[in-house]
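# Report on the structure
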Amino acid sequence: NISDFIIYFTISNFLALIIALIILSITKSSEIIIFKKLSFSLLKDSFSYYSYIVMTQLNLWIGTFIIGYYETSQNVAYFSSAQRSSMIIILILASINTITASKFANLIHLKSKKILSEYIYIATRSSVLISLPIILIFLLFPEFVLSFFGEDFTSGSNVLQIFAIGQLFNVFTGPVGNILSMSPYVNYLKKITIFTLFFSGIITILLVKSYGIIGGAIGFSVGIIVQNLLLAYIVHKKLKINVYSSF
């Protein structure tokens, strides 16, 4: 049951936070005392980043929840199989982001704009080179990909193609979310992700009512495109870096 899982996950996180705060409050070491002085600033930044992570996860699954409300369980299965296939691209991007995150943070702190731009260029080109062949397979042979879930699942081939287009834009935009998360402008990241969640949710509901799972895929992909455009704009405005200069 998804709702029970969400409740238990939220409660467990809350209890972990309470236990951590109790331990901090009774600890007297000098390192902890220094940490306490910095805790408010740390908590503020951490909350922004945590909110971004939560909203990102909701963005990934909101389409499935909406499809589940308006469509049959069979269509939910077709939609989910196509979405999970497209998440291979997200896994590739996440792997590259894990490698580049500390480097971005260091370069942003040192204000090394030229070196940061070069590193973004390398990260973006790497993402494109690794992801593009997979995206092309999704676009050209969606039935073949979905046939691994079963012959019936090939009915979601158009859905997979739409997801692939959204992920293509995600790849070409570069690691804009990762850059902002390692910068002093992480609060913009949170606000844009929250806006995208509501925007994507509204258009997905409207499109699902008219076009079913195809509408759900369009809503999800449009949400990705809008989010990345806004993030790229903030990176350009605040850090004076044009992520599209990689091409």
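The sections below set out a description of the structure shown in this document. Since the structure is predicted, the reported quantities are computational estimates derived from the model, not experimental observations.

Taken together, the side chains of L136, I137, L140, F141, F144, F148 and F149 make up a nonpolar region of the molecular surface, amounting to roughly 770 Å² of accessible area. Tallying contributions element by element places helix α4 (residues 113-140) first for the nonpolar patch, with three residues. Along the chain, the position of F148 falls in the loop between α5 (142-146) and α6 (157-173).

In the contact formed by α6 and helix α9 (residues 213-239), the axes pass within 8 Å of each other and the chain directions differ by 5 degrees. Taken together, α6 and α9 sit at an angle that is classed as roughly parallel. Between α6 and α9, the residues in contact are N158, V159, I162, F163, G166, Q167, F169, N170 and T173 and I213, I214, A217, I218, F220, S221, I224, I225, N228, L229 and A232, respectively. Along the lines of polarity and charge, the residues of the contact of α6 with α9 split into 13 nonpolar, seven polar and no charged.

Attention shifts here to the environment of L140. Mapped onto the secondary structure, L140 falls in helix α4. Between the C-alpha atoms of L140 and S157, which are 17 residues apart in sequence, the distance is 9.9 Å.

Reading the values: rules and limits
- Residues numbered from 1 in each chain as written.
- Predicted model: local features only at pLDDT ≥ 70, side-chain atom pairs only at ≥ 80, totals over all residues.
- Heavy atoms only, no water.
- Patch = residues over 30% accessible without salt bridge, like charges linked within 9 Å, V, L, I, M, F, W, Y side chains within 5 Å.
- Areas by Shrake-Rupley, 256 points an atom, 1.4 Å probe, with all protein chains shown as cover.
- Salt bridge = Lys/Arg side-chain N within 4 Å of Asp/Glu carboxyl O.
- Helix = DSSP H or I, 4+ residues; strand = E, 2+ residues; numbered from the N terminus.
- Axes fitted to C-alpha atoms, helices over the stretch in contact; angles between N-to-C directions.
- Parallel < 35°, antiparallel > 145°, perpendicular 65-115°, else oblique.
- Contact = heavy atoms within 4.5 Å.
- Nonpolar A, V, L, I, M, F, W, Y, C, P; charged D, E, K, R; others polar.

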